[in-house]
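# Chains, contacts and geometry: an overview
As a plain string of letters, each chain reads:
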Amino acid sequence: MAVAAHPSRLSMCVLLALPLALSLALSLASAAAAEPASDASGERLVVWDGEKAAMGGSFCDPKNGANALAAQNDEAHGGRSAVRFHGEGSGWIGGAWNWHAFYPADSGDDIGSYANLSFWIKATVAEGQLAGLNVHLSSSNKGVTGDIDVKGYCPDLTDGAWHEVEIPLIDLLEKAKDFDARKAWELGIGTWSGPARTFTVLIDDIAFDKRHVRPHSRPVSLPEPRKPSPLGDQVVEMSATIDTSAEGTPISPYIYGIAMGDRKIAVEEGVTIERAGGNPITPLDWRRGFSGNGADWFFTNNGAETPPEKNWLVTFHSEDRKAGLESYLCIPIMGRVAKDATSYGFDRAKYPEQEKFADDAPHAGAGNGRAPKKDAGGKPVLDANGHPVFEDIVPDPDDSSVVKTPKEQCDMLRYMIEDMQYGRADAGGVKYVALDNEPALWSGTHRAMHPAGVSYDELWEKTETCATLLKAIDPGVQIAGPTSWGWTEYFFSGLDSQLIAQGKGSWDAPPDSAAHGGIPLTKWYLAKLAEHKARTGVSLVDILDVHFYPQAAPGGKRGEAMTREALVQETRVMWDPTWKDPSWMGTNADKPGVIRLIPMMREWIAQCNPGMHLSLGEYNFGGEDDVAGGIAQAELLGIYARERVDFAFYWFAPAMNAPTYFAYKMFRNPDGRHTAVGDRCLPSSVDRADDVSVHASKDAASGRIAVVMVNKRGATGAKVALKLSSAVPAQEPAFYEYGPADPGCIGLLPKRTVSGDTIAIELPAMTALRFDLMP
């Protein structure tokens with residue numbers, strides 16, 4: 001990624017941009033005096049170094065005693081001074097440094113011949129308190145570039161060390177407004193946060209240069225030639241086998257799914273199906289266009305009055321079809337939807353003593369729905385540290401929502417079939433419909449509209465009613481449920497969680513569960529489906545949909561070998577009967593701590609309602625800003641194929657050029673020609689399966705064999721003797737590598753001839769390798 005590193009500090013920071021759209025104010029006051037300086041070759045233009053180029057003026061908003069942006073001499077990266085940006089409080093804080101000090105009014109530097117903006121930066125802030133830090137350029141004609149989140153280019157921004165950031169100008173110009181590259185004169189900077197925070201950011205050595213850095217605003221499509229990465233000092237030797245003669249088991253094309261991503265990027269990744277879901281689905285009024293943020297943002301409503309033919313959920317399948325993707329749509333069934341775009345569940349005027357308020361238009365009166373708990377005498381209850389104890393306010397659902405009958409909600413499918421002319425499932429229409437999203441969390445996420453925890457019985461009543469209506473509209477549609485949020489909801493209801501939180505039960509015998517024989521909620525749900533089918537002959541729900549998010553924190557710093565390894569090893573929760581999860585999950589498993597999620601769900605289906613498909617409606621193992629996230633995702637895609645998962649949807653979509661983006665490409669499009677792995681999974685084994693995985697597949701039409709090998713260790717290379725059950729003729733397959741050697745691109749290794757029944761493979765630590773063989 002072509003970034004120089006300071007010899008005494010940390011790291012190279014040119015990874016992926018995560019674009020945000022927070023506007024920053026520009027213009028300022030402070031300063032010294034000196035002219036911008038180019039190096040002798042013209043390859044670099046320095047506009048601020050606090051020494052030779054040290055002219056400047058600044059401003060910072062909002063203006064108060066704490067917020068400031070000015071030059072200081074206490075610490076610098078190179079010269080005597082650095083620009084210090086300090087802020088305290090919530091909301092937006094920003095400003096800018098004008099290296100021409102705003103004078104003359106038409107001054108500026110011509111940066112048209114340069115490729116990148118570069119600067120050194122050091123941020124001091126408490127953990128998690130600087131969600132994003134945006135920068136942009138402005139020119140003396142008052143034009144501005146788009147905003148860029150520095151953390152997208154420097155994931156280690158908040159570790160307290162100096163980092164060089166290199167931002168291609170093409171990224172900044174992506175959403176420019178009248179920016180004149182001949183008159184650049186100012187670097188804008190700012191950040192937004194709901195909670196209060198305190199931060200200090202130092203910026204030094206602001207310059208423009210011509211180094212080669214990949215833009216983040218363009219997808220990296222093609223692999224780049226690369227020499228094999230060294231194995232390192234620690235190397236293990238092992239053998240692996242692939243039964244290339246086997247027929248193999250079918251691989252569902254729908255394990256390569258995402259949720260609500262950029263469709264152009266999805267096609268580049270090789271995505272096959274897209275899910276419309278998440279918290280905003282539940283309160284969505286598809287006829288009027290209103291929705292709600294729920295607990296994600298002060299229980300506020302949002303949207304604008306929109307006719308149904310322009311509603312984003314209604315048009316979702318149309319856009320998917322244009323991109324060649326299948327759709328998996330969540331349809332709201334909670335029974336209430338947002339009544340407008342501006343209401344909120346807990347108004348300050350009605351509940352003035354709340355813990356927090358939004359304090360931002362248009363929802364300045366919106367509270368978080370928690371008020372001080374009071375004793376019998378009306379005095380606030382305090383905790384052991386003397387702080388007020390807060391409790392949930394009992395809401396009036398009419399304040400922010402209106403009733404929506406099951407027929408009104410399910411008629412969305414009829415509308416898409418008839419009015420939008422999508423047709424039925426067997427004629428190009430929506431094939432897969434999920435029943436809402438994570439109902440056990442409604443009493444938390446959407447408690448302003450649905451304050452009561454969803455019980456076993458309510459879940460079944462809504463399932464039976466709405467699935468019956470949907471099947472009547474289109475008997476061919478495949479319905480998914482219950483869209484459980486995670487481990488607890490597999491076993492217990494939302495009402496169980498709510499009552500226990502209120503002190504009305506314990507996890508040893510949750511009240512709602514006990515009233516239903518202590519049967520895990522998912523198994524009870526499956527049994528009810530089986531009973532309904534036996535009674536009516538109708539299969540109401542065809543797909544068991546569960547969500548999964550690992551709860552084990554890998555610990556350590558991002559990028560460290562052990563941190564990376566812990567993240568990748570955690571993928572074993574999906575299948576491994578020997579892997580004991582280090583988190584709280586697994587407490588209700590047959591073997592405490594052993595989750596083996598996919599086999600467990602398959603067994604429950606077989607026991608309670610045979611024949612159902614299995615969907616991982618949401619999952620995300622994290623690490624999206626580190627190569628380990630990509631290696632974990634590659635491992636997961638291989639696991640889903642081997643374990644015969646039917647649907648899997650990454651939440652919500654890999655960012656362009658993120659490590660997870662390259663994981664999809666390794667399986668579906670490593671070469672830019674969409675050469676995907678095969679459609680049948682071949683049996684394989686490794687004698688050191690904790691170190692390396694082998695995922696092999698065969699293309700049923702051509703017989704081509706695709707091999708993806710994953711080194712799951714953080715610092716140990718592997719030499720693998722890969723043995724094939726039948727010899728292959730001499731050939732020169734393309735070898736594609738993704739790993740720490742270059743997290744921003746798939747590498748194309750030098751060709752070499754392979755033949756026979758054994759292939760020697762060298763696999764560096766934390767690396768995925770793919771090659772295809774013709775039999």
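Within every chain, residues take consecutive numbers counted from 1 along the sequence as written. In view of the model being predicted, local features appear only for residues whose pLDDT reaches at least 70, and side-chain atom pairs are presented and counted only at 80 or more, with totals across whole chains, interfaces and linings using the full set of residues. Side-chain descriptors were evaluated using all non-hydrogen atoms of the structure, hydrogens and water having been removed beforehand.

## Quick notes on helix H12 (residues 597-608)
A helix here means a DSSP run of H or I that spans at least four residues, while a strand means a run of E at least two residues long, and both kinds are numbered starting from the N terminus. For a helix, the expected span equals 1.5 Å multiplied by the number of residues minus one. Here H12 is twelve residues long and its end C-alpha atoms lie 16 Å apart, about the 16 Å a rise of 1.5 Å per residue gives. Only protein chains enter the accessibility calculation, which uses a 1.4 Å probe; a residue is then buried when its area is under 20% of its type maximum, exposed when over 50%, and partly exposed in between. If you check which residues of H12 are buried, you get Leu597, Ile598, Pro599, Met600, Met601, Trp604, Ile605 and Cys608. The secondary structure elements touched by the buried residues of H12 are helix H7 (487-491), helix H10 (521-536), strand S26 (543-548), strand S27 (613-619) and helix H13 (627-642). Contact definition: two residues touch when any of their heavy atoms are within 4.5 Å.

## Remarks on the sheet that holds strand S16 (residues 273-276)
In space, the eight strands of this closed barrel follow the order S15-S16-S19-S24-S25-S26-S27-S28, with parallel pairing throughout. With strand direction ignored, the average angle separating the axes of adjacent strands in the sheet is 25°. Pairing of strand S24 (residues 432-435) with strand S25 (residues 478-484) involves three bridges; the strand directions are parallel. Bridging across to S25, Val433 finds its partner in Ile479. Pairs of strands are assigned from DSSP output, requiring at least two bridges between the strands. Each axis is a line fitted through C-alpha atoms, and for a helix only the stretch in contact is used; angles between axes span 0 to 180 degrees, taken between their N-to-C directions.

## Description of the confidence of the model for the protein chain
The predictor rates its confidence in each residue with pLDDT, a number between 0 and 100. On average, the protein chain scores 93 in pLDDT, and the residues at 70 or more come to 95%. Long-range and interchain partners of residues 1-33, a stretch whose pLDDT sits below 50, account for 124 contacts in this model, where long-range means more than four residues apart.

## A few points about H13
Across its 16 residues, H13 extends 23 Å between first and last C-alpha, which sits within 8% of the 22 Å expected from 1.5 Å per residue. Think of a polar contact as two N or O atoms within 3.5 Å of one another; within protein, one of them needs to be a possible hydrogen donor and the other a possible acceptor, and neighboring residues in sequence only count if both atoms come from side chains. For H13, the N-terminal capping position is held by Asp626, with its side-chain oxygen 2.9 Å away from the main-chain nitrogen of Ala628. Looking one or two places after H13, you find Arg644, whose phi comes out positive at around 60°.

## Brief notes about the packing of aromatic side chains
Classification of ring pairs rests on two measures: the distance between centres of Phe, Tyr or Trp rings, Trp counted by its six-membered ring, which must be within 6.5 Å, and the angle between planes, read as stacked under 30 degrees, edge-to-face over 60 and tilted in between. Counted under the stated rule, the structure contains 31 aromatic pairs. Relative to Tyr351, the ring of Phe346 lies with its centre 6.0 Å away and its plane at 55°, an arrangement referred to as tilted. Residues Phe346 and Tyr351 agree in their burial class; the two are buried. Summarising the aromatic geometry, the rings of Trp487 and Phe491 are spaced 5.0 Å apart at their centres and angled 50° between planes, so their arrangement reads as tilted. Of the two residues, Trp487 and Phe491 both sit in helix H7, four residues apart, roughly one turn of that helix. The rings of Trp487, Tyr490, Phe491, Phe492, Trp507 and Trp604 are connected pair by pair, giving a single aromatic cluster. Look at NZ for Lys and CZ for Arg. If either is within 6 Å of the ring centre and within 35 degrees of the ring normal, a charge sits over the ring. The lysine or arginine in question, Lys210, covers the ring of Tyr114, its NZ or CZ lying 5.4 Å from the ring centre. The ring of Phe316 carries the charged tip of Arg263 above its face, separated from the ring centre by 4.8 Å.

## Comments concerning the sheet that holds strand S12 (residues 224-225)
Taken together, the eight strands give an open sheet; going across it, the order is S12-S35-S34-S37-S32-S31-S29-S14, and neighbouring strands pair in mixed fashion. The two strands at the open ends of the sheet, each matched to only one other strand, are S12 and strand S14 (249-250). The sheet contact formed by S12 and strand S35 (residues 747-749) spans two bridges and is parallel. Among the inter-strand pairings, Pro225 is bridged to a residue of S35, identified as Leu748. Each of strand S29 (680-682), strand S31 (692-698), strand S32 (705-711), strand S34 (735-738) and strand S37 (768-773) is contacted by H13, which is oriented at about 50° to S31, the strand it contacts most.

## Let's talk about the packing of helix H11 (residues 561-569) against H13
The N-to-C vectors of H11 and H13 enclose an angle of 25°; their axes lie 9 Å apart at closest approach. Judged by the inter-axis angle, H11 sits roughly parallel to H13. In the crossing of H11 with H13, the sense of the turn from one axis to the other is right-handed. Contacts between H11 and H13 involve Arg564, Leu567 and Val568 from the first element and Val627, Ala628, Gly629, Ile631 and Ala632 from the second. Taken together, the residues that form the contact of H11 with H13 break down as six nonpolar, one polar and one charged. Should an angle lie under 35 degrees it is considered roughly parallel, over 145 roughly antiparallel, and from 65 to 115 roughly perpendicular; all remaining angles are considered oblique. Crossing handedness follows the turn of the near helix against the far one: under a right angle anticlockwise gives a left-handed crossing, and clockwise gives a right-handed one. The residue classification treats Ala, Val, Leu, Ile, Met, Phe, Trp, Tyr, Cys and Pro as nonpolar and Asp, Glu, Lys and Arg as charged. All others, Gly included, are polar.

## Concerning the nonpolar core
Joining through side-chain atoms within 4.5 Å is the link that ties buried Ala, Val, Leu, Ile, Met, Phe, Trp, Tyr and Cys residues into a set, and such a set is a nonpolar core. Residues Tyr490, Met574, Tyr619 and Tyr640 are the most contacted members of the largest nonpolar core, which totals 121 residues. If one sorts the elements of this core by residue count, H13 sits on top with ten residues. Sequence-distant contacts of Tyr490, that is, excluding residues within four places in its chain, are made with Ser484, Pro520, Leu521, Thr522, Val546, His547, Phe548, Leu597, Met600, Met601 and Trp604. Within the second largest apolar cluster, 40 residues are counted, among which are Ala54, Phe119, Cys154 and Leu169.

## Let's talk about the side chain of His77
Mapped onto the secondary structure, His77 falls in the loop between strand S5 (68-72) and strand S6 (82-98). Of the residues examined, His77 reaches a relative accessible area of 13% and is grouped as buried. One polar contact links His77 to Asp205, side chain to side chain, over a distance of 2.7 Å.

## Focus on the pattern of salt bridges
Salt-bridge detection follows one rule: a side-chain nitrogen of Lys or Arg within 4 Å of a carboxyl oxygen of Asp or Glu. Within the structure shown, the criterion is met by 47 salt bridges. Among the ionic pairs, Arg263 bridges to Asp320, the shortest N-O distance being 2.8 Å. Of this pair, Arg263 sits in helix H2 (residues 263-269) while Asp320 sits in helix H3 (residues 316-323), and the two are 57 residues apart along the sequence. Assessed through its relative accessible area of 21%, Arg263 is described here as partly exposed. On the basis of relative accessible area, Asp320 is assigned to the buried category, the value being 0%. Asp399 is paired through a salt bridge with Lys350; the nearest N and O atoms lie 2.9 Å apart. Here the residue Asp399 occupies a position in the loop between strand S22 (390-392) and strand S23 (401-403), and Lys350 occupies one in the loop between strand S20 (336-338) and strand S21 (370-372), the gap between them amounting to 49 residues. Classification of Lys350 by relative accessible area gives partly exposed; the value is 42%.

## A closer look at the packing of H13 against helix H14 (residues 659-668)
The N-to-C vectors of H13 and H14 enclose an angle of 35°; their axes lie 7 Å apart at closest approach. The chirality of how H13 crosses H14 is right-handed. For the pair formed by H13 and H14, the contact residues are Val627, Gly629, Gly630, Gln633, Ala634, Leu637 and Gly638 on the first element and Pro659, Thr660, Ala663, Tyr664 and Phe667 on the second. In the contact of H13 with H14, the residues fall into seven nonpolar, five polar and no charged.

## Points about the side chain of Asp699
Tracing the chain through its elements places Asp699 in the loop between S31 and S32. We count Lys and Arg on the positive side and Asp and Glu on the negative side, and we leave His and both chain ends out. For the buried residue Asp699, which engages in no salt bridge, the nearest side chain bearing the opposite charge is Arg704, 4.4 Å off.

## Observations regarding the environment of Lys407
With respect to the helices, strands and loops of the structure, Lys407 is situated in helix H4 (residues 406-418). In this structure the C-alpha to C-alpha distance between Lys407 and Asp149, which are 258 residues apart in sequence, comes to 44 Å. Within the structure, Lys407 has its side chain in polar contact with the side chain of Asp411 (distance 2.8 Å).

## Re the pairing of S26
The side chains of a regular strand alternate, first on one face of the sheet and then on the other. Buried residues dominate S26, accounting for six of its six residues. In S26, alternate side chains face the same way, and those of Ile543, Asp545 and His547 on one face and Leu544, Val546 and Phe548 on the other are all buried. Where S25 lies against S26, four bridges are found, and the strand directions are parallel. Within the sheet, the bridge partner assigned to Gly481 lies in S26 and is Leu544. Two strands pair when backbone bridges link them, and S26 and S27 are joined in this way by six bridges, in the parallel orientation.

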